[in-house]
Amino acid sequence: MAQLSFVQVEPAMEMVQLAEKMLKDYARMKKQIKILRGDLASIGDGVVGAAGDVNSSIRAQYKNSDKVGGEAVRRDKKRHRLALMERNCAQFEAAMAAVTDWQQDTMLEWLLDGETVTKIAYRLDLSRRQATSIKRNLVDKLAWAMQDHLQVQTKQEVAA
């Protein structure tokens, strides 16, 4: 593994924390994405007021008593939250593709299903210490892959 300078340690630790958070939140986020997509699909995209205004003009005139304007703002927030969750899930899914070791892959699958490290250790016939080490290596691999994905994505955005 490459040596990191002191300046690079903090971002690397942030990526490890982000990878652990995504590992815990991934299943919940996928369910939430499905719910938000269903909500936005069932209500349609166009909000039309009594005068025939579409969302963009309604949003600028929104007051607390304006029901149509309030709905337009709520839908905008849902779309923004959906886009953010989809981007985070896509980044994590790209990182999951980097996992090639069978133990780490099994650990990843069971962690995403909500299993504890102790139960996974029992299922794999490993000590808890070995299972914790596998999980730590898995999280490190996910963090590095997520960092690589972010760098590629940043380069593409700069080029565009």
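Here's a quick rundown of the structure. Everything numeric in this text was worked out from a predicted model, so none of it was measured. (Residues numbered from 1 in each chain as written. Predicted model: local features only at pLDDT ≥ 70, side-chain atom pairs only at ≥ 80, totals over all residues. Heavy atoms only, no water.)

Section: the pattern of salt bridges
Moving on, step 1. What the rule picks out here adds up to seven salt bridges.
Moving on, step 2. In this structure, the salt-bridge partner of Glu86 is Arg37, at a minimum N-O distance of 2.6 Å. With a gap of 49 residues between them, Glu86 in helix α3 (residues 67–96) and Arg37 in helix α1 (residues 6–43) connect regions that are remote in the sequence.
Moving on, step 3. Glu86 sits in the partly exposed class, given a relative accessible area of 27%.
Moving on, step 4. Across the pair Asp76 and Arg79 runs a salt bridge, and its minimum N-O distance is 3.5 Å. With a gap of three residues between them, Asp76 and Arg79 both fall in helix α3, about one helical turn apart.
Moving on, step 5. Look at Arg79 and you get partly exposed, because its relative accessible area is 26%. (Salt bridge = Lys/Arg side-chain N within 4 Å of Asp/Glu carboxyl O. Helix = DSSP H or I, 4+ residues; strand = E, 2+ residues; numbered from the N terminus. Buried < 20%, exposed > 50% of the residue type's maximum accessible area, 1.4 Å probe, protein only.)

Quick notes on the nonpolar core
Moving on, step 1. Core analysis: the biggest nonpolar cluster contains 35 residues, and Leu23, Phe92, Leu108 and Leu142 have the highest contact counts within it.
Moving on, step 2. Listed by contribution, the elements that provide at least two residues to this core are α1, α3, α4 (102–112), α5 (117–123) and α6 (128–159).
Moving on, step 3. The dominant element in this core, judged by the number of residues it contributes, is α1, at ten residues.
Moving on, step 4. Non-local contacts of Leu108, meaning those with residues more than four positions away in its chain, are made with Leu23, Phe92, Met96, Val99, Leu138 and Leu142. (Core = buried A, V, L, I, M, F, W, Y, C linked by side-chain atoms within 4.5 Å. Contact = heavy atoms within 4.5 Å.)

By themselves, these observations are geometric and do not establish any function.
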